[in-house]
Amino acid sequence: MPTLRPSSRPLARAAAFWLVGATVVALLAASSAPSPLYQVYQQEFGFSPIELTTIFAVYVLALLVTLLTVGRLSDFVGRRPVLAGALLIQALAMVSFLVADGSGWLLVARTVQGVATGAAVGVLGAYLLDLQPADGSRLGSLVNSVAPGIGLGIGALGTGLLVQYGAHPTRLVFVVLLATYAALILATAVQPETVRPVPGAVAALRPRIAVPGPARRAFAAAVPNMVATWALGGLVLSIGGSVVRSVFGQSNSAVVGLVLGIFAGAGAVTGIVVTSWPPRRIERYGTVTLVAGTAVFLTALAVSSLTLFVIASVVAGSGFGAGFLGALRSLTQLVRPHERAGLLSAVYVVSYLAFSIPALVAGLLITRIGLRDTSLYYGGFVLVAATASLVIGLLAARAARAAAAPAEPCTPLALQSQR
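Here goes a summary of the coordinates provided. What you see is a predicted model; the values in this text were computed from it and never measured. (Residues numbered from 1 in each chain as written. Predicted model: local features only at pLDDT ≥ 70, side-chain atom pairs only at ≥ 80, totals over all residues. Heavy atoms only, no water.)

Notes on the packing of helix 1 (residues 13-32) against helix 6 (residues 103-131)
And then number 1: Close contact between helix 1 and helix 6 brings their axes to 10 Å; oriented N to C, the two are set at 155°. Relative to helix 6, the element helix 1 is oriented roughly antiparallel. When you trace helix 1 past helix 6, the crossing you get is left-handed. Together, Arg 13, Ala 16, Phe 17, Val 20, Gly 21, Thr 23, Val 24, Leu 27, Ala 30 and Ser 31 of helix 1 and Arg 110, Gln 113, Thr 117, Ala 120, Val 121, Leu 124, Tyr 127, Leu 128, Asp 130 and Leu 131 of helix 6 make up the contact between the two elements.
And then number 2: Class assignment of the residues belonging to the contact of helix 1 with helix 6 gives a composition of twelve nonpolar, five polar and three charged. (Axes fitted to C-alpha atoms, helices over the stretch in contact; angles between N-to-C directions. Helix = DSSP H or I, 4+ residues; strand = E, 2+ residues; numbered from the N terminus. Parallel < 35°, antiparallel > 145°, perpendicular 65-115°, else oblique. Left-handed = near helix turned anticlockwise from the far one by under 90°. Contact = heavy atoms within 4.5 Å. Nonpolar A, V, L, I, M, F, W, Y, C, P; charged D, E, K, R; others polar.)

Here's what the structure looks like:
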């Protein structure tokens, strides 16, 4: 873990908050940057569909292992050193992409990137909650849910543009990202520290999912929502580029990046629009919209319509953003500050499992039944999960209303007998 000398003049709280938000955007931009490149890599290096989805999934496996071990570390040693270490590892991942000359190097790059992201997501989420304005605005939860969508959208769209119109299509985007992480590592030195180091750091490295007691019931109820939203995100970012190229016949990489970026961008915009809504309403809107978007997505595949696919990306992306924001806001308000990093790590463990496992299964199916049918089955799974989440939410709301309803006055038996 890097040792950072505290700055004598740390950033003001508001500036530090937005710098952490920008770091989330930069981190997730690198996560989606390879998505428009996967088919380019496949043609250049000659690997199979299962190798392609393995390259996608190994990132998530490394991320999950890191989350389970390092996810709570910043609650004990401080936010700044964990963040600086994660950014340094992320810079090394960008170097691995730059020197990649085959699927082996891509596996290394995505593994290192998964370690960096896993170390960073918990601390960044907790950092935003620590630094958010103390005015009850819950800005930290908003940025926690919106910034990843912005980053994913920028990464996919930016890569598509650079591949289509820039020089060195498989290299330039990683040069830009490497420079970005170098600047963010330097900026970490002036960030204020929000956690006083306490004993227990070594014990915190033992792999476990830390869902505090007060949040466990709400967490369990939110699992179908997280599975549906992130499984659809995994579909779009793993084989979405191949779908746009092969099923819809679109060869322009900028268009591929735009279609992938629209999904994440719609989620980010929706998160901003619905931020003043109550968490339960946000979550319900997100689930209903995700169901509708997935249904349009399946229709687009069935009739080979790129226009419908773009509409599905907008609608489902909106559901992705709102559903995750609602779940995140409902959960984080139930725990104490020192429990935030652990809870967020648990949220991301579930989310990234849903993000990766269906994508890996899809890689196996593509070689047997083809890209279109695999995408249809994948979308059907998401539709079932989203519908289950909607039903669970409606039942929970009905139970809450019943519990809050005033009981009817009890009439004594003696009076009843006189009626």
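Concerning the layout of surface pockets
And then number 1: Approximately 560 Å³ is the volume attributed to the largest pocket.
And then number 2: Around the largest pocket sit 22 residues that line it, and Ala 218, Ala 221, Arg 280, Glu 283 and Ala 396 are the ones nearest its centre.
And then number 3: The element that contributes the greatest number of residues to the lining of the largest pocket is helix 15 (residues 371-404), accounting for six residues.
And then number 4: Split by residue class, the lining of the largest pocket holds twelve nonpolar, six polar and four charged. (1 Å grid on protein atoms, 1.4 Å probe; cavity = no way out; pocket = protein on both sides within 12 Å on 5 of 7 lines; lining within 4 Å. Points joined across faces, edges and corners; volume = space filled by probe spheres on them.)

Examining the pattern of salt bridges
And then number 1: Scanning the entire structure with this criterion turns up two salt bridges.
And then number 2: Residues Asp 75 and Arg 79 are paired through a salt bridge, measuring 2.8 Å at the closest nitrogen-oxygen approach.
And then number 3: Classification of Asp 75 as buried rests on a relative accessible area of 10%.
And then number 4: Across the salt bridge formed by Arg 79 and Asp 130, the nearest N and O atoms sit 2.7 Å from each other. Taken together, the residues Arg 79 in helix 5 (residues 79-99) and Asp 130 in helix 6 connect sequence positions 51 residues apart.
And then number 5: A relative accessible area of 13% places Asp 130 in the buried class. (Salt bridge = Lys/Arg side-chain N within 4 Å of Asp/Glu carboxyl O. Buried < 20%, exposed > 50% of the residue type's maximum accessible area, 1.4 Å probe, protein only.)

A few points about the side chain of Arg 80
And then number 1: Along the polypeptide, Arg 80 turns up in helix 5.
And then number 2: One buried charged residue, Arg 80, remains without a salt bridge, the closest side chain of opposite sign being Glu 193 at 5.0 Å.
And then number 3: In this structure the side chain of Arg 80 is engaged in a polar contact, spanning 2.9 Å, whose partner is the backbone oxygen of Gln 191. (Lys, Arg positive; Asp, Glu negative; His and termini not counted. Polar contact = N/O pair within 3.5 Å; in protein donor to acceptor, adjacent residues only side chain to side chain.)

From the geometry alone we can't say anything about function, so treat these as descriptive.
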